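Structural characterization, general
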Amino acid sequence: MHGCGNDYIYVNAMQHEVADPSGFAIRWSDRHKGIGSDGLVLIDKAPAGESADFSMRIFNADGSEAMMCGNASRCIGKYLYERGLTTKTEIRLHTLSGIKVLKLHITADNLVESVTVDMGTPIFDDDKLFKNANANVNVNSTLNSQLSTLNSPSVFVSMGNPHYVIFTDDIDQVGETGPVMEHHPMFPQRCNIEFATPTADGFRVRVWERGSGITQACGTGACATAVAAAKTGRAGRTSTIIMDGGTLSIEWSEADNHVYMTGPATFVFDGEISDNE
């Protein structure tokens, strides 16, 4: 399945045990020798005692486990409803960054057209994720010498996972600057990097995801970009985020300070794999 081109392999862990999800994520995500994806997502029952309906675990293409993924959570909502695993149109999903609420928008044909995800509240000062918390950092003053020509306003935002949003006219530097930024010492747990520029329709964004590289879209990254734009006066509380693979609508609510993401989810194919390694 994919959400705006951010594609993952989904396994129903309630039916199929995945003994080595990290190893399988690496092998299966290979776009030449495997299935091809940005990573592996396990859909499972909620942990005992949790006030959730289901749970997710997500492993990046390099085998590292992520906290959560907005695009993947939308796809999970579509999968659960259309495969008859739930009749609820509001699903509580357990993730490593807390419970996320999925609101499904259903068509007359009883299909999930889009999903709105309550992504929770943004955080700007988590020193476990960003050692220069409480301040916007000028990239030019912190990057390695090879990036000394970059001088762009930037904002750290955690949406349950760390993001660093760089506002720049040169968003296509994502492949060169992204990997250096991901591993920069100011990010103790590495970081997702967004390159954003305003357009007449919203913000055009390209993403370098930690553990996966350039991806077609990133739900938490879209949320982080919208929040950073509002925080710096570049936009109001609602933004349209245009990524390589599609468009997401983001609202940073004044009522509860939560960020709400709305976008599509798409089935690509079902299949079986036999891994004898």
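Above this text sits the structure in question.
Residues take numbers from 1 onward in each chain, read along the sequence in its written order. Given that the model is predicted, a residue must reach a pLDDT of at least 70 before its local features are reported, and side-chain atom pairs must reach 80 or more before they are shown or counted; all residues, however, enter totals for whole chains, interfaces and linings. Hydrogens and waters are ignored; side-chain quantities use all the structure's heavy atoms.

**Side note on the overall build of the protein chain**
The cut-off we apply is this: Numbering goes from the N terminus for both helices and strands, where a helix is a DSSP run of H or I of at least four residues and a strand is a run of E of at least two. For every residue, the accessible area obtained with a 1.4 Å probe (protein chains only) is divided by the maximum for its type, and the residue is called buried under 20%, exposed over 50%, and partly exposed between those limits. In this charge count, Lys and Arg are treated as positive and Asp and Glu as negative; neither His nor the chain ends contribute. The atom standing in for a charge is NZ when the residue is Lys, CZ when it is Arg, CG when it is Asp and CD when it is Glu.
Looking only at helices and strands, the protein chain features five helices and 17 strands. When its C-alpha atoms are laid out on the principal axes, the protein chain stretches across 50 × 45 × 35 Å. Expressed as a percentage of the 277 residues in the protein chain, the buried residues total 53%. Measuring between centres, the 21 positive side-chain charges of the protein chain sit 3 Å from its 34 negative side-chain charges.

**Quick word on a nonpolar patch on the surface**
Under the convention used in this document: Two distance rules govern patches: like charges are joined within 9 Å, and nonpolar side chains (Val, Leu, Ile, Met, Phe, Trp, Tyr) within 5 Å, applied only to residues with over 30% relative accessible area and no salt bridge. Values of accessible area rely on a 1.4 Å probe in the Shrake-Rupley scheme; residue burial ignores everything except the protein chains shown. Criterion for a salt bridge: a side-chain nitrogen of Lys or Arg within 4 Å of a carboxyl oxygen of Asp or Glu.
On the surface, Ile35, Val268, Phe269 and Ile273 cluster together into a nonpolar patch covering about 380 Å² of accessible area. Summarising the element assignment, Ile273 is placed in the segment after strand 17 (259–263).

**Thoughts on the pairing of strand 11 (residues 162–167)**
Where we set the bar: Pairing between strands is defined by DSSP: at least two bridges between them are needed. The path from the first strand over the helix to the second decides the hand: if it runs clockwise while the strands point away from the viewer, the crossover is right-handed.
When you tally the buried positions in strand 11, you get six out of six residues, the bulk of the element. The alternating pattern of strand 11 places Pro162, Tyr164 and Ile166 and His163, Val165 and Phe167 on opposite faces, both of which are buried. Note that strand 10 (residues 154–158) and strand 11 share five bridges and pair antiparallel. Residue Val155 lies in a different strand from strand 11, and its bridge partner there is Val165. The antiparallel pairing of strand 10 with strand 11 creates a hairpin that spans three residues between the two strands, and Gly160 there sits at a positive phi of about 95 degrees. You can see the chain leave strand 11, run along helix 4 (residues 174–182) and come back into strand 12 (residues 192–199), and the turn it takes is right-handed.

**Re the layout of surface pockets**
Formally: Points on a 1 Å grid, built from protein atoms alone, make a cavity when a 1.4 Å probe fits but cannot get out and make a pocket when they are open with protein on both sides within 12 Å along at least 5 of 7 lines; residues with an atom within 4 Å of a point are the lining residues. Grid points are joined across faces, edges and corners, and a volume is the space filled by probe spheres set on the points.
Size it by volume and the largest pocket reaches roughly 770 Å³. For the largest pocket, the lining is made up of 25 residues, of which Ile9, Tyr10, Val11, Asp270 and Gly271 are closest to its centre. With four residues, strand 3 (residues 9–12) is the largest single contributor of residues to the lining of the largest pocket. Estimated volume of the second largest pocket: approximately 160 Å³.

**Overview of empty space enclosed by the protein**
Note the cut-off: Residues are grouped as follows: nonpolar covers Ala, Val, Leu, Ile, Met, Phe, Trp, Tyr, Cys and Pro; charged covers Asp, Glu, Lys and Arg; every other residue, Gly included, is treated as polar.
Overall, the coordinates contain one cavity of 30 Å³ or more when judged by the stated rule. What the largest cavity holds in volume is close to 90 Å³. For the largest cavity, the full set of lining residues is Tyr8, Ile58, Asn60, Ala66, Met68, Cys69, Asn161, Asn192, Glu209, Arg210, Cys218 and Thr220. In terms of residue class, the lining of the largest cavity is built from six nonpolar, four polar and two charged.

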